[in-house]
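Chain by chain, the residues run as shown.
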Protein chains: 2
Amino acid sequence: MTEQLDPAIAARLRRNESGLFPVVVQERGTGIVLMLAWMNDEALHRTLTTGRATYWSRSRGQYWVKGETSGHHQFVQAAALDCDRDALLLTVDQTGPACHTGTHSCFSDVLPVTVVQDQTRQAEGDPR
Amino acid sequence: MTEQLDPAIAARLRRNESGLFPVVVQERGTGIVLMLAWMNDEALHRTLTTGRATYWSRSRGQYWVKGETSGHHQFVQAAALDCDRDALLLTVDQTGPACHTGTHSCFSDVLPVTVVQDQTRQAEGDPR
């Protein structure tokens, strides 16, 4: 493990005023979006060079190796920045539930979409 | 369309210091994570009540109905908050590419993961 994030990557990254960027975590195979977390440069460096998802905990103000206390590890298979270079997508193998509540994904609080438009119907100009 | 976001949802939401929260956008069917964008309460209200993904553009400082200028619409099929109620997952039907660069997903700038750990191997205690 080298000492710090590859300067070529660091030069591309865009961070918020706290030096952080959001990370979308997706499960390999199922495609399930497990959670959204935050990283700084060092967390990204540790993640890329250890293969273990490592975040910056905003509430605790410290690095957080996912699964270190819960046993619910995330083994990183791939990582990609978005076109604005201010968000990261991690593809992981998840051990156990990703969410501290015990659900597989953290995104379980469903909101009502009161109007659902149908893409096909729109494209066809169907007046129904 | 009612005038503002359902107070029961507004009371649950947690926003950053700019009144915004990150939104992960996933394509229905393929499971592809298309992009990450930002919303405020009004953008979420418009999204839920029109079925068209509507974001807050931080660079332009205005609401942004995805596809309004590009034709690359997002028809919202489902929405869910995460356990911390500070991030949203949208499931959409995407018309054309989601990314302004013309790629289907915005997450196309692959970063090298220099150590990939194998979940199964670890679980089995295989010393390789």
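Residues numbered from 1 in each chain as written. Chains lettered and ligands numbered in written order. Predicted model: local features only at pLDDT ≥ 70, side-chain atom pairs only at ≥ 80, totals over all residues. Heavy atoms only, no water.

Caption draft 1: Representation of the sheet that holds strand β7 (residues 109-111) of chain B. Strand order in the open sheet formed by five strands is β2(A)-β1(A)-β6(A)-β5(A)-β7(B), and the pairing between neighbours is mixed. Edge strands, defined here as strands with exactly one partner in the open sheet, are β2 (33-39) of chain A together with β7 of chain B. Each adjacent strand pair in this sheet contributes to an overall mean axis angle of 30°, direction not counted. Pairing geometry for strand β1 (residues 21-27) of chain A and strand β6 (residues 88-94) of chain A, over five bridges, is parallel. Among the inter-strand pairings, Gln26(A) is bridged to a residue of β6(A), identified as Thr91(A). In the packing of helix α2 (residues 41-50) of chain A onto the sheet, contacts are made with β1, β2, β5 (74-81) and β6 of chain A together with β7 of chain B, and the angle to β2(A) comes to roughly 125°. (Pairing = 2+ DSSP bridges. Helix = DSSP H or I, 4+ residues; strand = E, 2+ residues; numbered from the N terminus. Axes fitted to C-alpha atoms, helices over the stretch in contact; angles between N-to-C directions. Contact = heavy atoms within 4.5 Å.)

Caption draft 2: Main features of the side chain of Asp93(B). Residues and elements named next belong to chain B. Tracing the backbone shows Asp93 in strand β6 (residues 88-94). A polar contact is formed between the side chain of Asp93 and the side chain of Arg28, at a distance of 2.7 Å. A distance of 3.5 Å separates polar atoms of two side chains, one belonging to Asp93 and the other to Gln77. (Polar contact = N/O pair within 3.5 Å; in protein donor to acceptor, adjacent residues only side chain to side chain.)

Caption draft 3: Looking closely at the packing of aromatic side chains. Residue and element names in this part refer to chain A. As enumerated under the stated definition, the model contains five aromatic pairs over all chains in all. Here Tyr55 and Trp64 contribute two aromatic rings whose centre-to-centre distance is 5.1 Å and whose plane-to-plane angle is 50°, an arrangement assigned as tilted. Looking at Tyr55, the relative accessible area reads 0%, which means it is buried. A residue is classified by how much of its surface remains accessible, and Trp64, at 24% relative accessible area, is partly exposed. The ring of Tyr63 carries the charged tip of Arg46 above its face, separated from the ring centre by 4.1 Å. (Phe/Tyr/Trp six-rings, centres within 6.5 Å; stacked < 30°, edge-to-face > 60°. Buried < 20%, exposed > 50% of the residue type's maximum accessible area, 1.4 Å probe, protein only. Lys NZ or Arg CZ within 6 Å of the ring centre and 35° of its normal.)

Distances and angles like these do not, on their own, reveal function.
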